[in-house]
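# Coordinates in review
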Amino acid sequence: QVQLVESGGGLVQAGGSLRVSCAASGRAFNDYAMGWFRQAPGKEREFVAAISWSGGNRYYADSVKGRFTISRDNAKNTVTLEMNSLKSEDTAVYYCAAERRAYGASRIVGEYEFWGQGTQVTVSS
C-alpha cells in the first residue's frame, strides 16, 4: 500500500502561480511512477503530468505544457506540481497518484493503483 496526501491547493487569480505537493508513505517510493490528474465539476478525471520513478522522464498534457512543471524528491518521498500562468480552466480538484512501473509513466487514469484525496485549485478570472 502507498498512502498519498496532497497539499498546497487554494485560490489564485488568473495569471498567478501555485504549487501543489504530494507526500507518500508506505512502500518504496522509488518503485513508483507518479502522476497528477485533475477533475473539474461535471467532467471526467484527466491527466495533467507524470514523472518516472527516477525523475528522468516527464510527461505533460498539451493544455499545461510550458506552464506546469512536475518534479519529485525520492529522498523526501514527495512529488510537486508547480503551476504558472494559471487560467480559469485549470480550476479543478487535483489528485496525485502512484503507478508501480519500471520505466516511464502512464497518462491513463486506470493504470494508477493508489490515489490521494485531492486538493482544490481555484483560479479566478
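To keep things clear, this report deals only with the structure shown in the data block. As the structure is a computational prediction, the values presented were derived from the model and not from experiment. (Residues numbered from 1 in each chain as written. Predicted model: local features only at pLDDT ≥ 70, side-chain atom pairs only at ≥ 80, totals over all residues. Heavy atoms only, no water.)

## A short note on the overall build of the protein chain
What counts here: Helix and strand assignments follow DSSP, with helices taken as H or I runs no shorter than four residues and strands as E runs no shorter than two, numbered in order from the N terminus. In this description the radius of gyration comes from C-alpha coordinates, and the expected globular size is given by 2.2 Å times residues to the power 0.38. Throughout, exposure labels follow a simple rule: accessible area from a 1.4 Å probe, protein chains only, divided by the maximum for the residue type, with under 20% read as buried, over 50% as exposed, and the rest as partly exposed.
Along the protein chain, the regular secondary structure elements total zero helices and 11 strands. What you see in the protein chain, going N to C, is helices and strands ordered as β-β-β-β-β-β-β-β-β-β-β. A compact globule built from 125 residues should have a C-alpha radius of gyration of about 14 Å, and the protein chain, at 13 Å, falls within 12% of that. Seen through its C-alpha atoms, the protein chain measures out along the principal axes to roughly 40 × 25 × 25 Å. Of all 125 residues assigned to the protein chain, the portion counted as buried reaches 43%.

## Details of the pairing of strand E8 (residues 78-83)
Stated precisely, the cut-off is as follows: We call two strands paired when DSSP finds no fewer than two bridges between them.
Alignment of strand E3 (residues 18-26) against E8, held across six bridges, turns out to be antiparallel. Its bridge partner lying in E8, Leu18 is registered against Met83.

## Focus on the packing of aromatic side chains
Note the threshold: Stacked, tilted and edge-to-face are the three classes assigned to paired rings of Phe, Tyr and Trp, where Trp is represented by its six-membered ring and a pair needs centres within 6.5 Å; plane angles under 30 degrees give stacked, over 60 edge-to-face, the rest tilted. Charge-over-ring contacts are defined here by two conditions on Lys NZ or Arg CZ: a distance within 6 Å of the ring centre and an angle within 35 degrees of the ring normal.
On inspection of all chains with the given rule, the structure shows six aromatic pairs. Seen from their ring centres, Tyr32 and Phe114 are 6.1 Å apart, and the 70° between their planes marks the pair as edge-to-face. Here Phe114 lies in strand E10 (residues 114-115) and Tyr32 lies in strand E4 (residues 32-39), a separation of 82 residues in the sequence. Assigned by exposure class, Tyr32 and Phe114 land together as buried. Relative to Trp115, the ring of Phe37 has its centre 5.1 Å away and its plane inclined at 55°; by these criteria the two rings are tilted. With a gap of 78 residues between them, Phe37 in strand E4 and Trp115 in strand E10 connect regions that are remote in the sequence. By relative accessible area, which is 0% here, Phe37 ends up buried. The class of Trp115 is partly exposed, set by a relative accessible area of 24%. By the ring-pair criterion, three or more aromatic residues cluster together here, those being Phe37, Phe47, Tyr95, Tyr112 and Trp115. Over the aromatic face of Tyr95 sits the side chain of Arg45, whose NZ or CZ is 3.7 Å from the ring centroid.

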